Structure formats: structure tokens, C-alpha cells
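Geometric and topological summary
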Amino acid sequence: MLRQYGVQRHRYEKINGREIAVGTVPIGSIFRLRAPHAARARTYIVEAWLTRSIARADRTGRFSYIARNGHLAQVRDLANGRRALLADRIIMHALEA
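The paragraphs below set out a description of the structure included in this document. (Residues numbered from 1 in each chain as written. Predicted model: local features only at pLDDT ≥ 70, side-chain atom pairs only at ≥ 80, totals over all residues. Heavy atoms only, no water.)

This structure, assessed with the given rule, holds one aromatic pair. Summarising the aromatic geometry, the rings of Phe 31 and Tyr 44 are spaced 5.8 Å apart at their centres and angled 25 degrees between planes, so their arrangement reads as stacked. Taken together, the residues span a long stretch of sequence, with Phe 31 in strand β4 (residues 30-33) and Tyr 44 in strand β5 (residues 42-51) at a distance of 13 residues. With relative accessibility at 16%, the residue Tyr 44 sits in the buried group. (Phe/Tyr/Trp six-rings, centres within 6.5 Å; stacked < 30°, edge-to-face > 60°. Helix = DSSP H or I, 4+ residues; strand = E, 2+ residues; numbered from the N terminus. Buried < 20%, exposed > 50% of the residue type's maximum accessible area, 1.4 Å probe, protein only.)

Looking now at the layout of surface pockets. Any empty space left between atoms is shown by rolling a water-sized probe over those atoms. Roughly 190 Å³ of volume is contained in the largest pocket. If you trace the largest pocket, you find it lined by Leu 33, Arg 34, Ala 35, His 37, Ala 38, Ala 39, Arg 40, Arg 42, Tyr 44, Ala 84, Leu 85 and Leu 86. The set of elements that each furnish at least two residues to the lining of the largest pocket consists of β5 and β9 (83-87). If you tally residues by element for the lining of the largest pocket, the top one is β9, at three residues. Taken together, the residues that form the lining of the largest pocket break down as eight nonpolar, one polar and three charged. (1 Å grid on protein atoms, 1.4 Å probe; cavity = no way out; pocket = protein on both sides within 12 Å on 5 of 7 lines; lining within 4 Å. Points joined across faces, edges and corners; volume = space filled by probe spheres on them. Nonpolar A, V, L, I, M, F, W, Y, C, P; charged D, E, K, R; others polar.)

Time to look at the side chain of Ser 29. Assignment of secondary structure puts Ser 29 in the loop between β3 (18-23) and β4. Residue class for Ser 29 comes out buried when judged on its relative accessible area of 13%. In contact with Ser 29, other than residues within four places in its own chain, are Tyr 44, Ile 45 and Val 46. (Contact = heavy atoms within 4.5 Å.)

Turning our attention to the nonpolar core. Val 25, Phe 31, Tyr 44, Val 46, Trp 49, Ala 73, Val 75, Leu 86, Ile 91, Met 92 and Ala 94 together form the largest nonpolar core, which totals eleven residues. Sorting the residues of this core by element identifies β5, β8 (71-77) and α1 (88-96) as the ones contributing at least two each. Aside from chain neighbours lying at most four places away, what touches Ala 94 is Phe 31, Arg 32 and Leu 33. (Core = buried A, V, L, I, M, F, W, Y, C linked by side-chain atoms within 4.5 Å.)

Glancing now at the pattern of salt bridges. Applying the stated criterion across every chain, the model contains three salt bridges. Of the charged contacts, one joins Asp 77 and Arg 42 as a salt bridge, the two residues approaching to 3.3 Å between their closest N and O atoms. Here Asp 77 is found in strand β8, whereas its partner Arg 42 is found in strand β5, with 35 residues between them in sequence. With relative accessibility at 4%, the residue Asp 77 sits in the buried group. We classify Arg 42 as partly exposed; its relative accessible area is 34%. (Salt bridge = Lys/Arg side-chain N within 4 Å of Asp/Glu carboxyl O.)

Spelled out as C-alpha cells, the structure:
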């Protein structure tokens, strides 16, 4: 289970003395997603989570990495075994539908 910080569907959890919005989608979740050009929906499974690395430079020119804008999931199509990367908000939308 991955903790996703700053997601739309969340619960508040106390971490290091601060209340932070935390959302979760477990690895192994199965969902159906239909691409706009496809005739029918495909079934996918979440295999892994990858944190998006967003670089930010400060005045000294040093870079720091933050992961505030969501995460990417490595998913596998159960019909043909192909792997792809999907954003967490797409997966949450598919799970709610």
C-alpha cells in the first residue's frame, strides 16, 4: 500500500505531529478502463507505484525533489500482459465508476 499525499479522495493522518491528507490504492487492485478510441473496456491490475519526481531549484541553484502532484502506477493488462504507466487520478476515477 502506497501513501499518496495531497490526493482528492483522502483521510487525514497525523505524521510527525502534522495532519496530512493521505490517500491509498493498494497494489493488486483490479479495475476496468476504456480508452476513448477502444470499442470495449480492458481489465488492468496495479503492479507497482512510482513516485513522480518534480525538480525545483532554489536561489542558490540547488535542486530539491518533491512529489506533490500525484503518483504513477505501473499497471498490467490482464488480456495481453502489456505494461503501462497510469496516473493515480485515472485509476481512482476507474475504481469509483
